[in-house]
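Here is what each chain is made of, one letter per residue.
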Amino acid sequence: MTKWDYDGPILEIENLSISFFTRLREIPAVMDFSCVVQPGEAMGLVGESGCGKSTVALAVMRDLGKNGKIVNGTIKFKGRDLTTMSEQELRDIRGSEIAMIYQEPMASLNPAMKVGQQLMEVPMIHEGVPKADAYQRALEVVRDVRLPDPERILKSYPHQLSGGQQQRIVIAMALMSKPALLILDEPTTALDVTVEAAVVDLVKDLGKKYGTSMLFISHNLGLVLDVCNRLCVMYSGEAVETGSIKDVFDKMQHPYTQALFRSIPLPGADKNSRPLIAIPGNFPLPHERPNGCNFGPRCDYFQAGRCDAGDVPMFDVEGYDRHETRCLRVAEIDWNAPPQVAKKSEKMPIGDVVLRMEDLRKYYEVSANALFGGGDSKVVKANETLSFEAHEGETLAIVGESGCGKSTFAKVLMGLETATSGQILLYDNEIQSTPIENRSTETVSGVQMVFQNPFDTLNPSMTVGRQIIRALEIFGEGNSDAERRDRMLELLDLVKLPREFATRMPRQLSGGQKQRVGIARAFAGGAKIVVADEPVSALDVSVQAAVTDLLMEIQRKNRTTLLFISHDLSIVRYLSDRVMVMYLGHVVELGTTDQVFSPPYHPYTEALLSAVPIADTHVVKKRIVLEGDIPSAMNPPPGCPFQTRCRWKSRVPDNLCEREVPPMKTFPGGLQVKCHLSDEEFASMEPVIKVAAE
Amino acid sequence: MEDLGWSGIVVAILRNFLPVWISLAVLFAVSIRYKRRLGLYGKLFDSMIAMIGFALVMFWVFTAIFSDLIVTHDTLGQISQMKNKFPGTATPDGSGWYLLGGDHLGRDVFSRVVAGSRIVVQIAPLATLFAFMVGISLGLPAGYYGGRLDTVLSFLANLILAFPVILLFYLLVTPEIVETGLPQYMALVLFLFPIAFMMVLVNSRYYVVPAFRNKVMLIIAVVGGYLYLSLVGEVGTRVAVLPGAADFIHVPGNILIVFVSVVFVNSPTVYRIVRGITLDIKTRDYVAAGQTRGERPWYIMLWEILPNARGPLIVDFCLRIGYTTILLGTLGFFGLGLSPESPDWGSTINAGRKLLTIAPHPAIVPALALMSLVLGLNLLADGLREESLRD
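Values in this document were obtained by computation on a predicted structure and should not be read as measured data.

1. Some thoughts on the overall build of chain B
- Secondary structure summary: chain B contains 18 helices and 2 strands in total.
- At 24 Å, chain B has a C-alpha radius of gyration in line with the 21 Å of a compact globule built from 391 residues.
- Structurally, chain B occupies a C-alpha span of about 80 × 55 × 40 Å along its principal axes.
- Out of the 391 residues in chain B, the part that is buried amounts to 39%.

Right under this line is the structure:
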């Protein structure tokens, strides 16, 4: 009925231009975009937020909303032009021939309908399949997406499943009608790293099994390397480079692609000897794009009078398979020249212990009925026996996935919660049971925090300057308003923001700029210890490098102790001196960065390392996919917290892992690992990440 | 003198409202000229709906301000020949016309509607403002702290909301209850909120600059305290604090009762809205940043949370003035609160309804006035909501 055979490319987009129309002006979102997806091919669409990659996906679905219009070009799906189709024809194609998977799984599922019904709906609507057959097919697809106990899953509601399971159901739903094209818009951004790795693996295998073509949209180059055959890099509404993964990753032919790769922490980068190179300047707003090449103002190879003369078309790169670039100077640039390394810096000596945690525990009691009390109360063990030291001038990374207790730990340290037992020693003062209102100003201003979400970290109705001055007032800095104002301007200098920003409202700032203000605020009272809770994970790649550098620079200047909470092991490897890995409230591994990133590993660290996507074709990774999800902290497994997902469990005799929490084992050199494995087993571990010879 | 035809009536009314037209024109001209510099208020002038709403509201506000210039006759003066006369009838002494006719006692409907606007425009926004102060002062801590405080306050709010409003009013204005001084005691409590609110607002922010804080606090305490005492107290009643010589603000007992009851029934709804928004906003990182900086709870509530809750609150404020206006009308209609002589719109509608079949105009004119004001407020709220979402 709606499916037809066609043996050309599945998707051909030609010179597509899309604009959004607002009251004030027309905003071009995508300009002159072309790409071809062959049957069975996975095409990656990469770029920073606002570059138009999602708009392309929505245009393929013809779902641009009432403001969006395709102003030029064609989108041919299996030879038929989607831009001229009627609503009726589009309805037939959507969901049956082209399926889309979005970022937030819970938003794609109907919370009031059982999973089974939602899945069965697809073939029943599109193909008029009888109910019993639809059920069989649903069962089959759920099995395909590797969910345990398919019958039970089909009978449950979406909220009864975990995030990873929900996303698998969304994928299953997309596959129900065996579509020819699958569009994935950041499908794993909302998931934890180990779950993400499993989902990505699944998508890859299913693509092969069903022969589905894919359009994979992501900001993560590592993921694209894992999933796709070809890739298209977008910048500010234009495709700047297309080609096969290998060509673009290894022999990039566009300055933006090159700058992008130089600004992400790949293995080998180091904060002292090989620092990241941030892309200068800011992403242009859609209505403030420069003349000529959009990347011109930020490009190292920019030539006035040529690059800004007129629109730049796509050029074929000689000698490669369908490799195109939008750069006038492609033939003149020496693409193999080593980057001009920014200033190298000396490794900072590590000072005395400033913060010591001993056997810290934090339990929460959750009672079943909040209003009238009573009922059973459960104990959530958010932190179990946390012990570590942090030294002056050191970066200690705290790594773990959601629910591992890293935020609780931060709250206890900051004094927003008090510890259940154990000790926190800050310069030999016990602070574990002093809530923040009883702490001295000095203690409070000495321990500060940088938050994760730049759009949430500043009060939207207060000027930037006012917010920093407020912090100064609270910390008792400065004796008069004028003094505090001067101090505030100095802080803006410190985080490299122009002084005019003092009078701006947060909504006038970009994400990276807001994060800088957040950093300035944290350092207002001369903080000695700064807890940075994923400070760059919500930022675009090119901005991440700059903000990370800034943090490092301030650290060097002030000899601050940085507790860097993150799940991104690439950035952790780049900037931390020591690493602490947490799982379900336990510290499972603690050591210097080199020790943690090389064997012997804790089995969880090993899986985590394997799960992190790395955007480098020379890296060979051992694939370790963890089964299942992280257990709930309300109901942790007995014995070792990791035993439910551990692949080494069978090597330990007597079911010891299920009975006893392992002791902390200390290796020569100081690496600590919480595991029952014997020394011989540890010695037999192989490195997860190997860099192949060039 | 001749009676006026319809066109003559329209012309005469338009001419009488001349001060209002001039003020409206000036206000709009200035506002549109500088709209880019006026923040959210300026954005109102980007939306037709908001402008119409604003114009309707400001029409009645200016009418209230200039009502002494606009009225053509004494609002209480009765001319027996003019009973139930139709619009445009000339007065027997030839001094003018009853532009919108006479009511059942021979008073000028036009002048009474104009004078009535003053009562409505005075009480409704002020009562709503007080209701907001009470609702905000209780809703913020309930949402922020949660737990038992929240449970108790929400339970009380539900209790008040579940009680039939009209019945509550009847109880409050019953002479026996008035005699016990209950409404005045309620006023004692409710009027305390704005002063407490202002003081906490200033203290939470400026306690780090004590000299400035003390100055402002003193001003609030003296001015607010005086207003409070003279508003609440009245010589000769149960609550009389200030001596008669120092008490310059005289609030008639029945208006105070109306005021108190309106605040009392409106504040639980405001409380619920504020509590809900607080629950949402307190999870934001900037609130956490405030906490980790060692800010005190009231600073976080009043300076970090409240300003970011302003959008929905401003919209609700406009809508709620509308409800309060209707509520005042309803109260007047039932003969509660204000004196029967009062020209407020609710009372006049009630008085006019008995003779609706013979002479509809004494009831219809104030009804239309009430409708246009509430419509204006609703349109204004709509426009505000729409414009506040845009950037």
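The rest of the description comes next.
2. Notes on the overall build of chain A
- For chain A, the count of helices and strands is 22 helices and 26 strands.
- Relative to its length of 694 residues, chain A is compact, with a C-alpha radius of gyration of 27 Å against a globular reference of 26 Å.
- Taken along the three principal axes of its C-alpha coordinates, chain A extends 75 × 65 × 60 Å.
- Pairs at least 24 apart in sequence give 68% of the contacts found in chain A among residues at least 6 apart.

3. Brief notes about the packing of helix α8 (residues 193-210) of chain A against helix α20 (residues 603-611) of chain A
Residues and elements named next belong to chain A.
- At their nearest, the axes of α8 and α20 sit 9 Å apart, and the two run at 55° to each other. Overall, the two elements α8 and α20 adopt an arrangement that is oblique. Crossing geometry of α8 relative to α20 is assigned as left-handed. Across from Val193, Thr194, Glu196 and Ala197 in α8, the residues of α20 making contact are Ala607, Leu608 and Ala611.
- Tallied by class, the residues present in the contact of α8 with α20 amount to 5 nonpolar, 1 polar and 1 charged.

4. Side note on the interface of chain B and chain A
- In this complex, chain B contributes 16 residues to the contact, which on the side of chain A involves 22 residues.
- Considering each element in turn, the side of chain B that touches chain A owes the most residues, 6 residues, to helix α14 (residues 285-292) of chain B.
- A per-class count over the side of chain B that touches chain A returns 5 nonpolar, 5 polar and 6 charged.

5. Here's the deal with the pairing of strand β2 (residues 26-37) of chain A
- Relative to β2 of chain A, strand β1 (residues 11-21) of chain A is paired through 8 bridges, and the arrangement is antiparallel. Bridge pairing links leucine 16 of chain A to phenylalanine 33 of chain A in β2 of chain A.

6. Some details on unusual backbone geometry
All names here are of chain A.
- With phi around 45°, lysine 78 is a residue other than glycine that occupies positive phi space.
- Position of lysine 78 relative to the elements: it lies in the loop between β4 (68-77) and β5 (80-81).
- Residue classification places lysine 78 among the buried positions, given that 21 C-beta atoms sit within 10 Å.
- Phi at lysine 496 takes a positive value of approximately 60°, unusual for a residue other than glycine.

7. Looking at the packing of helix α4 (residues 48-65) of chain B against helix α6 (residues 109-145) of chain B
All names here are of chain B.
- The geometry of α4 relative to α6 is characterised by a closest axis approach of 8 Å and an angle of 105° between their N-to-C directions. Taken together, α4 and α6 sit at an angle that is classed as roughly perpendicular. For the pair α4 and α6, the contacting residues are Trp60, Val61, Thr63 and Ala64 in the first and Val114, Ser117, Arg118 and Val121 in the second.
- In terms of residue class, the contact of α4 with α6 is made up of 5 nonpolar, 2 polar and 1 charged.

8. Quick notes on the pairing of strand β15 (residues 395-399) of chain A
Residues and elements named next belong to chain A.
- Counted residue by residue, β15 has 5 buried out of 5 residues, so it is predominantly covered.
- Burial of β15 is two-sided: the residues Thr395, Ala397 and Val399 facing one way and the residues Leu396 and Ile398 facing the other way are all buried.
- In terms of strand pairing, β15 meets strand β21 (residues 578-583) through 4 bridges, oriented parallel. Within β21, the position partnered with leucine 396 by the bridge is arginine 578.

9. Comments concerning the sheet that holds β1 of chain A
Residues and elements named next belong to chain A.
- Strand order across the open sheet formed by 4 strands is β2-β1-β4-β5, with antiparallel pairing between neighbours. Both edges of this open sheet fall to β2 and β5, since each of them pairs with a single strand only.
- Taken together, the 2 bridges between β4 and β5 define a ladder with antiparallel strand orientation. The residue bridging phenylalanine 77 from the neighbouring strand is arginine 80, located in β5.

10. Focus: the sheet that holds strand β8 (residues 213-218) of chain A
Residue and element names in this part refer to chain A.
- Overall, mixed pairing links the 8 strands, which are arranged β6-β7-β8-β3-β9-β10-β12-β11 in an open sheet. Two strands bound the open sheet, and with one partner strand each, they are β6 (98-101) and β11 (315-316).
- Where strand β3 (residues 42-46) lies against β8, 5 bridges are found, and the strand directions are parallel. Looking across to β8, one finds that methionine 43 is bridged to leucine 215.

11. Structural notes on the environment of arginine 647 of chain A
Residues and elements named next belong to chain A.
- Note on placement: arginine 647 falls in the loop between β23 (619-621) and α21 (656-659).
- Exposure remark for arginine 647: the 13 C-beta atoms within 10 Å place this residue in the partly exposed category.
- Put simply, arginine 647 and valine 625 are 22 residues apart on the chain and 9.4 Å apart in space, counted from C-alpha to C-alpha.
- Not counting residues up to four positions away in its chain, the partners in contact with arginine 647 are Pro603 and Ile624.

12. Observations concerning helix α1 (residues 53-61) of chain A
Residues and elements named next belong to chain A.
- Of all 9 residues making up α1, 7 are buried, and the element is well covered by its neighbours.
- Every buried residue belonging to α1 is among Lys53, Ser54, Thr55, Val56, Ala57, Ala59 and Val60, and all of these are buried.
- Just downstream of α1 lies arginine 62, where phi reads positive at about 55°.

13. Side note on the confidence of the model for chain B
- When pLDDT is averaged along chain B, the result is 84, and 94% of the positions lie at 70 or above.
- Among the prediction metrics, the complex's ipTM stands at 0.80, with pTM recorded as 0.82.

14. Describing the environment of proline 349 of chain A
- Looking at the secondary structure, you find proline 349 of chain A in the loop between β12 (324-325) and β13 (353-367).
- On a C-alpha basis, the gap between proline 349 of chain A and glutamate 392 of chain A in space is 8.9 Å, while along the polypeptide they are 43 residues apart.

15. Notes on the environment of arginine 137 of chain A
- On the secondary structure map, arginine 137 of chain A appears in helix α5 (residues 131-144).
- The contact partners of arginine 137 of chain A, leaving out residues within four places of it in the chain, are Pro123 and Met176 of chain A.

Parameters and conventions
- Residues numbered from 1 in each chain as written.
- Chains lettered and ligands numbered in written order.
- Predicted model: local features only at pLDDT ≥ 70, side-chain atom pairs only at ≥ 80, totals over all residues.
- Helix = DSSP H or I, 4+ residues; strand = E, 2+ residues; numbered from the N terminus.
- Rg over C-alpha atoms; globule rule 2.2 N^0.38 Å.
- Buried ≥ 20, exposed ≤ 12 C-beta atoms within 10 Å, placed from the backbone.
- Contact = placed C-beta atoms within 7 Å.
- Axes fitted to C-alpha atoms, helices over the stretch in contact; angles between N-to-C directions.
- Parallel < 35°, antiparallel > 145°, perpendicular 65-115°, else oblique.
- Left-handed = near helix turned anticlockwise from the far one by under 90°.
- Nonpolar A, V, L, I, M, F, W, Y, C, P; charged D, E, K, R; others polar.
- Pairing = 2+ DSSP bridges.
- pLDDT = per-residue confidence, 0-100.

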